[in-house]
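Structural characterization, general
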Amino acid sequence: MVGAGPAGLTAAQALAARGIPVLLAEQGPVVGGWAACYACKAATDCNLCGVCLSARVSRTMQPGAGVTLKVDAHVLGIEGGPGSFAVRLAHRPRGVDVSRCTGCGRCAELCPVAAIAQPHPQALPMAYLLDQEACLRARGEECVICREACPFGAVLLDDTPSEELVQADVVVLATGFEPYPAARKGQLGYGRLPGVITTMDLERGLWQHGPEYLSRLLPGSRRVAFVHCVGSRDLAAGRGWCSQVCCPTALRLAGRMVRELPGLEATLFFIDLQRCAPGIARLFDDLPPEIHLVRGIPGDVLSEPGGLLLTFEDVATATRRQELFDLVVLAVGMDSPGAAAGMPAAAEGFLCDLPAGVVAAGACGGPVSIPEAVGEGLRAAGAALRVLESLS
Amino acid sequence: MNGYGTALAVCTCGGTLCGRLDVERIVAAPGFASALVIHDLCLPAGSARVASWLRETAADSLVVAACGVPAAVQAVVEVSRAAGVAEHRTSLVDLREGCAWVHTQADQATAKALRMVASAAAGVRESTPPVPDVEVRPSGRVLVVGTGPGSLAAAARLKDLGCEAVLISGTLERFEGQAGEFKARIRTDQGVECHAVGAVIAAGDAPARMPAVQAGQRVAFLLEGDPWPSVTESTLSAALHLARDCGCRVLVLFRDMGVAGRGLEELYREARGSGVTFVRMEEGSLRIVEAGGEWVVTLEVPGLGSVTETVDVLVSGATDALQGTRGLAEVLGVAPRKGGWAPRERALLEPVATERNGVFLIGSARGPYTTDQAVRQGEAAAMAALSVAAPGVIAVSARASVDVERCAFCLTCLRVCPHQAVTTALGQTMRVLPAACQGCGVCAAACPAGAIQITESPNRRLLAEMDALMNGPPLGGRPTVVFACANSAVPALQALGRLRLSYPAQVLVVPVPCLGRLEAVHCVRPLAAGARRVLLCGCYDRSCEHLVGPATARRVVERASALAGTLGLDPGAIHVASLAPVDWHKLGQILGVSCDDGDRNGGEASKVTAHATA
Amino acid sequence: MIVAEQKPLEAVLKMMAPYQRVLVVGCASCVSVCLAGGEREVSVLSSLARLARGTQGASIEIAEATVHRQCDQEFLLPLASQVEAAEAVFSLGCGCGVQLMAETFPHRRVFPLLDTKFMGITLQPGVWVERCRGCGECILDRTGGICPIARCSKGLLNGPCGGYRDGKCEVDTAVDCAWLLIFNRLQTLGELESLRAIMEPKDWSEAAVGRPRQVVREDVKVPIEEVIA
């Protein structure tokens, strides 16, 4: 099982529950994928974004229940066929022994350069991470404070990359997605103009800092624009597909923002509003008066003395208009995570036509929401089980 | 045979808790037969040491004060098993995230720790042995309702996985029982059929879509209402076929083009490229007049003025799929009940499952999904059904039980259960179906005879734990009691701990499986014992896995506040709050701490992301 | 079933005020089903009363008991020693239960903690409605199974008063017009014609007015002499 996002975790647990031993390899330091760093987007009531669902999938992951979890493990190559796959894994040095770290935090208390830290407060595994670049040892100093301080001998200062070859009967790829690199659309100013962020930034900011993030981001300001379809439904950008989740996400984020920051006005710029996700139709029925809808995507974002100037074609009135905003949020689409270990992919980059015995689950096969990703995990587990039954 | 008394083990997490708590005082807590300090419960050596000590003490119950990480939970289970202490006679106190890490003053933290340990001990003493496991023997048969692509995909996948799909032609009339052993009654043209099945996968029927159009005619499709992907799919397929293969002139009138489904944007693009004309309607600008068997469609298009088209056939899109399967959902017991208690959207948050274990909704029975989505859901549902319906024997532990001696047969439990887990029949007693019960405790809170108890926290145990928590060494102020829902508030509290964000030691936490488990008297009792505030922290209405938790809690608080007023206590001291498990900031706000600890919190999280994307 | 409602907590506390040792008795029958007087209510009410006394810096000893039915003496007799030990008995039974309790233990004060309301059904959790007035002479066979005496505010026997609006009663707009319901039901049954028969005035001497009523089954009744013998 490659990838421990909502789809991979679900598939691993579903297979383990049928008595199939599962090796779950995650390239990151913790499970949960992107969804583990999303914020709750409830306004007055839950808006069914699915973040709790993904949190539950991570939480119910029990140690030693048939799933062997390997974090910091990247797949280099997959060879062989059903019943005889050889998967080459590369282990990224974490600097901490996951099986011994209890998360006590003594190392972080004493580290003079804050190079060792817990991943995040709901991380699984909760084992700490050593940032080898920030570590004093990277500058040639012989600092061993953290190793000496650890009551459990869990700090591995000389951790090095390693490789491992594992055998598998079936391979499930749940490698997820990458957000569209918004900086590629230079005219929108991402990475160049302060005040231009992406929905992913906003999600993570809210998740890390809570509503204070909003007031820090927007001190005293009150006009925020959401630009939809950044890297979606855009042949010029090489992304012809609808990413499906960004419209509901923008709407939910706007809903939470106007609720948390009184006086804030949000304008959504879109082509077609995809508002069929669960719970979204209702949000639409009583759209707060602070959320405005404009059909038309701004071509560029300019920095003006009064704020960020958006120029757009308002389709409803067929007029060219300009408006000033304090914050521009780009609703970025879902991109493929890149070719996974040499597996075939469609022109868009999403996995398809996989060889026998290899199953794709979740967003690596195309854009999905969190609940859909969990469903995809179940589906892939079934597909994997079918391959296993055909082997025996 | 085990002896008597309760043993206490305190883990210091490698000694790191010692400075924040007076561990000596905690191990000397009164009422324990013996006590042990260890430093590494969650590592194999530590748990082995606790196991051998516990065997020597010959205690019959165990309280472990450590942390809440999965490894510690696992260790307690293993230790008690190794030493022969029954699992219900053990209790794990989250001393680290729930006390040591979140309180700055060691004396207050120690006082709270003593109360937590005493509370756990009181709970263990009041625990009841669990009802023996029940065996469910599914036959491997799964009922598949519907004729759409999703149901066919589900049936095919079930067959691959060694189950038998029972496809029916007829109407499902009755559906009862529990996951693994449902009984379904189906009315067909020939009469009535009964099937014993382990699960049901209900899909909608295949859409019959292609309108009656002759080659060369002029056709307009009218897409009003929400831009459902299923409607887009059927409309665009028909429009493309008519324009490309039948020489029709095709016009599609729409507001928003719903392309949120795999391949829909591509289909839209192809239709545009094949001669289908798409015109966007804005609010109030469309006029349709019937004249001599033809339709005259007039539209105001911004910037273009008025456009008029005459067509032979006008196809109005959008059928209400959810409405269409409402009757089916009601028979399956997953639709809103009388009084509208069950918000249907909650079920839509799950990929295929519903609030009733073993009942899966897919395709148009679930929402306006495309063929591709329905097929994927069908395959997912087949796998999910396998876990309850695969042939074999499943041992299910009962999470709630009925004392038939006390039961008044008032049917309250049957009516309030959000999971269809309570049943009765003529001549039978009330029964909680173990494979259907999800342990929320809503029934236990509502039972007028006190006849239903949930195994995990019978009422006597809950009250004993609360009383012990409220009485103990001084905390430096009047306590605030927080009832914490296991699905939302407990993980959020744990996150506050991991971030070492401090809140007052007067905050005393009582975990509950769901806020629906609480009665008014649970809220009043702490107030009468001197609490300053009582908070019920749980999920939002629509995110509550047990559907009715927050709504029940609001009613309970209303009643409790009135009672408090009558008793001369502060009627404004009891509150409900909703939050998500990932929203520890909101919990922090409620408890009065600022969670925006800028650098530490943010710095670490961004490192993870950097690491993940490296 | 008999539907009852708990008296307000203030009233309960006031009745208990003079006593130090009391017995609270629930009934596991009708009033348990309408969530007013079952075992849980006994325990909740008792703990609230203790808390109330506690907040005044005093205390009260409350013994709790719940019997199958307070309206049968055989269930009450086993309480004798608990009644003896208490200064007063507080009953969570309906009016019948409270009276039989007082009759059974004539030397103890017995207080009612419920207001007995009516004979009715559970409409939905938390809502009970009246369905029978015990008029002593049932006419449901002629009214499509809907009782105009219990459900028509005016108790009319021969059609509606004409004052209903939108299907609701003019006396209480929360109540459906019983005669409209009867009409619709009979229409469904295809028996509208039966409404043409005029119903004679009822014999109200059999109803709940005037003398207390009794039902005697001579075939079942055991002569009191035989019991003594």
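Everything numeric in this text was worked out from a predicted model, so none of it was measured.

Bringing the packing of aromatic side chains into the picture now. Per the stated rule, a full pass over the model turns up twelve aromatic pairs over all chains. Ring pairs connect the aromatic residues Phe 269, Phe 312 and Phe 325 of chain A, which therefore count as one cluster. The positively charged end of Arg 272 of chain B is found above the aromatic ring belonging to Tyr 268 of chain B, 4.3 Å away from the centroid. Positioned above the aromatic ring of Trp 101 of chain B is the side chain of Arg 500 of chain B, whose terminal nitrogen or guanidinium carbon lies 3.6 Å from the ring centre.

For the rest of this paragraph, the subject is the interface of chain B and chain C. At the interface, 26 residues of chain B touch 23 residues of chain C. Between chain B and chain C, roughly 2,000 Å² of surface is buried when both sides are summed, and carbon and sulfur atoms account for 64% of that area. The three residues of chain B that bury the most area against chain C are Pro 448, Thr 566 and Leu 567 of chain B, which together make up 27% of that side's buried surface. Between the two partners, chain B and chain C, sit two salt bridges. When the shortest N-O distance is used, the salt bridge between Arg 406 of chain B and Glu 39 of chain C registers 3.0 Å. Broken down by secondary-structure element, the contributors of at least two residues to the side of chain B that touches chain C are helix H13 (412-416), helix H14 (442-446), helix H17 (520-528) and helix H18 (549-566) of chain B. Broken down by element, the residue count for the side of chain B that touches chain C peaks at four residues, all from H17 of chain B. The residue makeup of the side of chain B that touches chain C, split by class, is 15 nonpolar, four polar and seven charged.

Before going further, it helps to examine the packing of helix H2 (residues 44-57) of chain B against helix H3 (residues 70-83) of chain B. All names here are of chain B. At a minimum axis distance of 9 Å, the contact between H2 and H3 shows a crossing angle of 35°. With respect to the hand of their crossing, H2 and H3 are arranged in right-handed fashion. Facing H2, whose interface residues are Ser 47, Val 50, Ala 51, Leu 54 and Arg 55, H3 presents Ala 75, Val 79, Ala 82 and Ala 83.

We now examine the interface of chain B and chain A. With 90 residues of chain B at the contact, the number on the chain A side is 99 residues. Of the roughly 7,700 Å² buried between chain B and chain A, counting both surfaces, carbon and sulfur atoms make up 57%. Top contributing element to the side of chain B that touches chain A by residue count: helix H20 (residues 598-613) of chain B, with twelve residues. Grouping the constituent residues of the side of chain B that touches chain A by class yields 39 nonpolar, 23 polar and 28 charged.

Now for helix H12 (residues 371-389) of chain B. With 19 residues, H12 of chain B ought to run about 27 Å at 1.5 Å a step, and its terminal C-alpha atoms sit 26 Å apart, in line with that. Counting buried positions along H12 of chain B gives 14 out of 19 residues, so the element sits mostly inside the fold.

This part is about unusual backbone geometry. Glycine aside, residues mostly have negative phi angles, and peptide bonds mostly take the trans form. Residue and element names in this part refer to chain A. In this model, Leu 124 is joined to Pro 125 through a cis peptide bond whose omega is -5°. Positive phi, normally seen in glycine, also occurs at Arg 233, with a value near 50°. You can see Arg 233 is positioned in the loop between strand E11 (223-230) and helix H7 (246-260). The exposure class of Arg 233 is buried, given its relative accessible area of 12%.

Attention now moves to the pairing of strand E14 (residues 300-304) of chain A. Strand direction decides the pairing type here: E14 of chain A and strand E15 (residues 307-314) of chain A, joined by five bridges, are antiparallel. Bridge pairing in E15 of chain A places Leu 302 of chain A opposite Leu 309 of chain A.

Annotation of chain C at the domain level lists domain 1 (2-118) and domain 2 (133-200). Computed from C-alpha atoms alone, the centre-to-centre distance between domain 1 of chain C and domain 2 of chain C is 38 Å.

With two pairs of chains in contact overall, the greatest share of contacts is found between chains A and B. Separated throughout, chain A and chain C approach each other most closely at a C-alpha pair spaced 25 Å apart.

Per the stated rule, a full pass over the model turns up 64 salt bridges over all chains. As a salt-bridge pair, Arg 460 of chain B and Glu 126 of chain B come within 3.0 Å of each other at their nearest N and O atoms. In this pair, Arg 460 of chain B sits in helix H15 (residues 459-470) while Glu 126 of chain B sits in the loop between helix H5 (106-125) and strand E5 (134-136), placing the two residues 334 residues apart along the sequence. For Arg 460 of chain B, a relative accessible area of 59% gives the class exposed. For Asp 219 of chain C, the salt bridge goes to Arg 217 of chain C, with nearest N and O atoms at 2.8 Å. The class of Arg 217 of chain C is exposed, set by a relative accessible area of 51%. Among the ionic contacts, a cluster of salt bridges with common partners joins Arg 233, Asp 272, Arg 275 and Arg 295 of chain A together with Asp 256, Glu 265 and Arg 280 of chain B.

Time to look at the confidence of the model for chain C. Residue and element names in this part refer to chain C. The pLDDT averaged across chain C works out to 92; a share of 97% of its residues lies at or above 70. At the level of individual helices and strands, chain C shows its lowest average pLDDT in helix H9 (residues 224-228), which scores 64, and its highest in strand E4 (residues 88-91), which scores 98. Interface confidence in the predicted complex, given as ipTM, is 0.94; pTM for the same model is 0.91.

Each value, and the rule that gives it
- Every residue gets a number counted from 1 within its own chain, in the order that chain's sequence is written.
- Chain A is the first chain written and ligand 1 is the first ligand written, with later ones labelled in order.
- In view of the model being predicted, local features appear only for residues whose pLDDT reaches at least 70, and side-chain atom pairs are presented and counted only at 80 or more, with totals across whole chains, interfaces and linings using the full set of residues.
- Side-chain calculation: all heavy atoms of the structure are included, whereas hydrogens and water are not.
- Pairs were defined over the aromatic rings of Phe, Tyr and Trp, the Trp ring being its six-membered one, requiring ring centres within 6.5 Å. Orientation was assigned from the angle between planes: stacked under 30 degrees, edge-to-face over 60, tilted for the rest.
- Only Lys NZ and Arg CZ are tested; either one counts as a charge over a ring when it is within 6 Å of the ring centre and within 35 degrees of the ring normal.
- Only heavy atoms matter for contacts: two residues are in contact if any of them lie within 4.5 Å across the pair.
- Summed over both partners, the accessible area lost on bringing two parts together, with a 1.4 Å probe, is the buried area.
- By definition here, a salt bridge exists when the distance from a side-chain nitrogen of Lys or Arg to a carboxyl oxygen of Asp or Glu is within 4 Å.
- A helix here means a DSSP run of H or I that spans at least four residues, while a strand means a run of E at least two residues long, and both kinds are numbered starting from the N terminus.
- The nonpolar class holds Ala, Val, Leu, Ile, Met, Phe, Trp, Tyr, Cys and Pro. Asp, Glu, Lys and Arg form the charged class, and all remaining residues, Gly among them, are polar.
- The axes are straight lines fitted to the C-alpha atoms, using for helices just the contacting stretch, and the angles between their N-to-C directions are given from 0 to 180°.
- Left-handed describes a crossing whose near helix is turned anticlockwise from the far helix by less than a right angle; the clockwise case is right-handed.
- What a helix is expected to span follows from its residue count: subtract one and scale by 1.5 Å.
- Exposure classes here rest on a 1.4 Å probe applied to the protein chains alone. A residue is buried below 20% of its type maximum, exposed above 50%, and partly exposed in between.
- Pairing between two strands requires that DSSP report at least two bridges joining them.
- Each domain's extent is set by a domain assignment, obtained either automatically or from a database.
- Each residue carries a pLDDT score, the predictor's confidence in it, ranging from 0 to 100.

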